[in-house]
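Chains, contacts and geometry: an overview
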Amino acid sequence: MTTPSFDYDWIIVGSGFGGSVSALRLSEKGYRVAVLEAGRRYADHEYAETTWQLRRWLWAPRLGLRGIFRLTPFNDIFIASGTAVGGGSAVYANTLYRAKPAFFENPQWKELADWAAELAPHYDAAERMLGVATVPFGSDGQDLLMAAARHFGVESTFTRTPVGVFFGKAGEEVPDPYFGGQGPPRTGCTRCGSCMVGCRDGAKNTLLKNYLWFAEKRGAKVFAEQGVVDVRPIGAADGRDGYVVTTERPGAWLRRQRRTFTARGVVFAAGALGTGELLASLKHGGSLPHLSDRLGELVRSNSESILAVTLPDDRLKPWADVAISGSIHPDHDTHIELCTYGRHGDGISLLQAPMTGNGTRLTRPLMLLWQFIRHPLRSFGTLWPVGWSKRSLIILVMQSSDNAMSFRARRRWFGRGVAIGTEQDPEKPNPTFIPLANAAAEFLARHTGGVAQSSLLESAANIPTTAHILGGAVIGADASRGVIDRNHRVFGYRNLLICDGSAMPANPGVNPSLTITALAERAMAQVAPKA
């Protein structure tokens, strides 16, 4: 019998936290690895200087925008995510907490392992690779967060954040300080606050500076601007004979530059949104028809609410910081962080609106209108973007509550294939209003004399915003409970893995990047070295 010839042993779809871990660990085990990434590859100096440089900031490839920040509205959620080589690490807030205890005890996967114990060494490995350090300085933003902690009576919960940032001498480049000189040179953080616009200084520990750096040194090939549109078995229906993967240039109207790659195995790691969209297309389009019918279930938003407060003047400098430098816990379930986009993130103001209280899709727009009628100068003032970013702090509220929604596949209105929509879980719906979130924004506005704001779609349409969409292809005991097993292997197929946020079965209640990395480390530890 002739052994089939493949272009690669493993193809990885996506280059975010799960994809980059997979690329390095599989390369270390002797496999030939290709990474297919829809986004563009950016050097540090190529990131947008401001959020108004849309071609380098926003991801909307059909409009010619190939930046790092993607916005995707659905009926029940507004999703902010990242698209670039390095995935979300290009645009995330560097914040690397371990998940809350409730995450490990969620009934969806509790019986499959002692997850806290099993993930502990992989958290350790992830923290070493990502260069986790506690923020070493104070800031005006931290002072405001401490005032909120005192207001809620939880001052003892204040902590500076663990982040993936190099805190050397500001602006000074030094040889690799993390990997015995084997990694790239690094530059000390300048506290410009632009981590989420794109770190142009080289202080942010993006995946291009650790996992992907070493994966490429070991021979992994990274193909940028290659959007995967199909994955199908070559021979046997269960994939035992390998897979053919088809890509196109994202957003192309005419010249799609279609390419095909073959591999023994495939790792899906395009993030919860990207993997969810692709797998829905593959299941309902007939390429991978045996994917579990649980695909699209248990989609999580990290139970988030995103608000803002704009200060009345420039006396404080909330931008002179890293993106997130502190956090508090007003109750056991709720985690609050203050975030900055630096001085050059004014475009984010367009995603905010005057704050409204609890309501429905009928009443919240009316509440918003009433805010403009009752406080016209203050309300219209929040719509003026110039100078907004240097005087504003984003309030990010996360919870470990067990709530969810679903991704539902539907035929596209135009063209072929399927798209996904959302549907609330009928028993435990994703919240559209979090009282503690509004209470924090209201206090900070009173305390500073500033103006509190909600996310635009939350105020105008009762649709919450999340920067951490998770789930949809979760770990489960079998195909009737989940899409993948405890080792991230897809039920019904051979050599098919899912290693990204879509695998997470519960809300972690904190920024999820470190947990995604640890889960991927554990999954790769189960893959045998190449014979």
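Structure first, text after, so check above.
Report follows, based on the coordinates. (Residues numbered from 1 in each chain as written. Predicted model: local features only at pLDDT ≥ 70, side-chain atom pairs only at ≥ 80, totals over all residues. Heavy atoms only, no water.)

Two side chains with opposite charge may pair up if their charged atoms get near one another. Throughout the structure, instances matching the rule amount to 31 salt bridges. Asp 293 is paired through a salt bridge with Lys 283; the nearest N and O atoms lie 3.0 Å apart. Of this pair, Asp 293 sits in the loop between helix H7 (271–285) and strand E16 (299–300) while Lys 283 sits in helix H7, placing them 10 residues apart in sequence. One salt-bridge network, in which partners are shared between bridges, spans Asp 9, Arg 32 and Lys 530. (Salt bridge = Lys/Arg side-chain N within 4 Å of Asp/Glu carboxyl O. Helix = DSSP H or I, 4+ residues; strand = E, 2+ residues; numbered from the N terminus.)

With that settled, the discussion passes to helix H1 (residues 17–28). A rise of 1.5 Å per residue sets the reference length of H1, with its 12 residues, at 16 Å; its end C-alpha atoms lie 17 Å apart and thus fit the reference within 8%. With 11 of 12 residues buried, H1 is to be regarded as a mostly interior element. Along H1, the positions that sit buried rather than exposed are Phe 17, Gly 18, Gly 19, Ser 20, Val 21, Ser 22, Ala 23, Leu 24, Arg 25, Leu 26 and Ser 27. Where H1 is buried, its residues contact strand E1 (8–13), strand E2 (33–36), helix H4 (115–130), helix H6 (211–217), strand E15 (259–268) and helix H12 (513–525). Remark: Gly 30 follows H1 within two positions and exhibits a positive phi of approximately 95°. (Expected span 1.5 Å × (residues − 1). Buried < 20%, exposed > 50% of the residue type's maximum accessible area, 1.4 Å probe, protein only. Contact = heavy atoms within 4.5 Å.)

Judged by how many residues are buried, strand E17 (residues 305–310) sits mostly within the fold: 6 of 6 residues are covered. Relative to strand E21 (residues 392–399), E17 runs antiparallel, the two sharing 6 bridges. Note on E21: the bridge partner recorded for Leu 307 is Ile 395. Sheet topology note: the E17/strand E24 (residues 451–455) ladder contains 4 bridges and is antiparallel. Each residue of the ladder has a partner; that of Val 309, found in E24, is Ala 452. (Pairing = 2+ DSSP bridges.)

Time to look at the packing of aromatic side chains. Any pair of aromatic rings gets described here by the distance separating the centres and the angle formed by the planes. The tally for this structure, following the rule as stated, stands at 15 aromatic pairs. Seen from their ring centres, Tyr 178 and Phe 179 are 6.2 Å apart, and the 50° between their planes marks the pair as tilted. On the basis of relative accessible area, Tyr 178 is assigned to the partly exposed category, the value being 28%. Exposure remark for Phe 179: the relative accessible area of 18% places this residue in the buried category. Clustering of aromatic rings is evident, with ring pairs tying together Phe 103, Phe 104, Trp 109 and Trp 115. Over the ring of Trp 319 we find Arg 343; its NZ or CZ atom is 4.3 Å from the centre of that ring. (Phe/Tyr/Trp six-rings, centres within 6.5 Å; stacked < 30°, edge-to-face > 60°. Lys NZ or Arg CZ within 6 Å of the ring centre and 35° of its normal.)

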